[in-house]
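Spelled out, the chains give:
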Amino acid sequence: MEPVIHDNEKILVCKLSYGIVNPFGNSTLIRWKNAKTGDIVIYYYKNNLVVKRCIATEGASLEYSSDSGYTLHVGEKNYSLTKLQYNLIKNSPCVPRGMILAIGDNFENSIDSRTYGFVAQKNILGKLIFKILKRGEKLDNAQSPDDMCDLALRYDLTVPLSRFYANNQGQLPGVFK
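The structure displayed is predicted, hence computed values, not measured ones.

Considerations on the packing of aromatic side chains
For any pair of aromatic rings, the description consists of the separation of the ring centres together with the inter-plane angle of the planes.
In step 1: Under the criterion given, the structure shown has 5 aromatic pairs.
In step 2: Arranged with centres 4.9 Å apart and planes meeting at 75°, the rings of Tyr79 and Phe107 form a pair that is edge-to-face. Taken as a pair, Tyr79 in strand S8 (residues 77–81) and Phe107 in the loop between strand S9 (99–103) and helix H2 (113–116) lie far apart in primary sequence, 28 residues in all.
In step 3: For Phe107, a relative accessible area of 17% corresponds to the buried category.
In step 4: One aromatic cluster is present, built from ring pairs that chain together Tyr43, Tyr45 and Tyr116.

If you want it as structure tokens, here you go:
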């Protein structure tokens, strides 16, 4: 998910965004909401937690091109495909019912839905809320206004959460300890 999330960064995930997660499995017991386009979702693939961005939901139109390389066109964006990826998903004119198309932000180097197919909504375990600033990470590290906004937002969300946790540690339910 680079450049948004790098390896070994800590993130906060809301496991109640889409439903109640089965504590003994890799799916939800009860769903009250589905992932939307643009959500950063968490699910299992080959027993590993995966973090990817939902770029299309059920019914979304998918267009393919094999002219001068293989390409997937979703909305306003084009994603390159290998021949194997193209052959895997080319027969789907749209995202199937109950599924999403999840692709990493660093899509040139990402192993995602283009490689293993669509992801079932019932297998999405949560939604990324924010990533936690690393110790010593400062706004000085921002190289553009967008970077500065991203870092400021993470700081703005991380510090109050940490303070709340420290001040209410004894009063929080067991699930937050």
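Having seen it, we continue.
Regarding the nonpolar core
In step 1: If you look at the biggest cluster of nonpolar residues, it comprises 14 residues, and the most contacted ones within it are Leu62, Leu72, Val74, Tyr79, Leu101 and Ile103.
In step 2: Going through the elements one at a time, strand S5 (48–57), strand S7 (70–74), S8, helix H1 (83–89) and S9 are the ones with two or more residues in this core.
In step 3: The residues contacting Val74, other than those within four sequence positions of it, are Ile55, Ala56, Leu62, Tyr79 and Leu101.

Let's talk about a nonpolar patch on the surface
In step 1: Residues Leu16, Ile20, Leu29, Ile30 and Trp32 make up a contiguous nonpolar surface patch of roughly 520 Å² in combined accessible area.
In step 2: Mapping Trp32 onto the fold places it in the loop between strand S3 (28–31) and strand S4 (40–45).

Quick word on the pattern of salt bridges
In step 1: Tallied over the full model, the rule gives 3 salt bridges.
In step 2: Residues Lys127 and Asp39 are paired through a salt bridge, measuring 3.7 Å at the closest nitrogen-oxygen approach. On the criterion of sequence distance, the pair formed by Lys127 in strand S11 (residues 124–131) and Asp39 in the loop between S3 and S4 is long-range, its members being 88 residues apart.
In step 3: You can call Lys127 partly exposed: its relative accessible area is 23%.
In step 4: For Asp112, the salt bridge identified is with Arg114, shortest N-O distance 2.9 Å.
In step 5: We classify Arg114 as buried; its relative accessible area is 2%.

Quick notes on the pairing of S9
In step 1: Of all 5 residues in S9, 4 are buried, a share of seventy percent or more.
In step 2: In this structure, S5 lies alongside S9, joined through 4 bridges in antiparallel fashion. Bridge assignment links Arg53 to a residue of S9, and that residue is Ile103.

Points about the environment of Lys77
In step 1: As for its position among the elements, Lys77 is in strand S8.
In step 2: For the pair Lys77 and Ile55, spaced 22 residues apart in sequence, the C-alpha to C-alpha distance is 9.5 Å.
In step 3: Residues in contact with Lys77, not counting those within four places in the same chain, are Leu72 and Phe107.

The rules behind each value
- Residues numbered from 1 in each chain as written.
- Predicted model: local features only at pLDDT ≥ 70, side-chain atom pairs only at ≥ 80, totals over all residues.
- Heavy atoms only, no water.
- Phe/Tyr/Trp six-rings, centres within 6.5 Å; stacked < 30°, edge-to-face > 60°.
- Helix = DSSP H or I, 4+ residues; strand = E, 2+ residues; numbered from the N terminus.
- Buried < 20%, exposed > 50% of the residue type's maximum accessible area, 1.4 Å probe, protein only.
- Core = buried A, V, L, I, M, F, W, Y, C linked by side-chain atoms within 4.5 Å.
- Contact = heavy atoms within 4.5 Å.
- Patch = residues over 30% accessible without salt bridge, like charges linked within 9 Å, V, L, I, M, F, W, Y side chains within 5 Å.
- Areas by Shrake-Rupley, 256 points an atom, 1.4 Å probe, with all protein chains shown as cover.
- Salt bridge = Lys/Arg side-chain N within 4 Å of Asp/Glu carboxyl O.
- Pairing = 2+ DSSP bridges.

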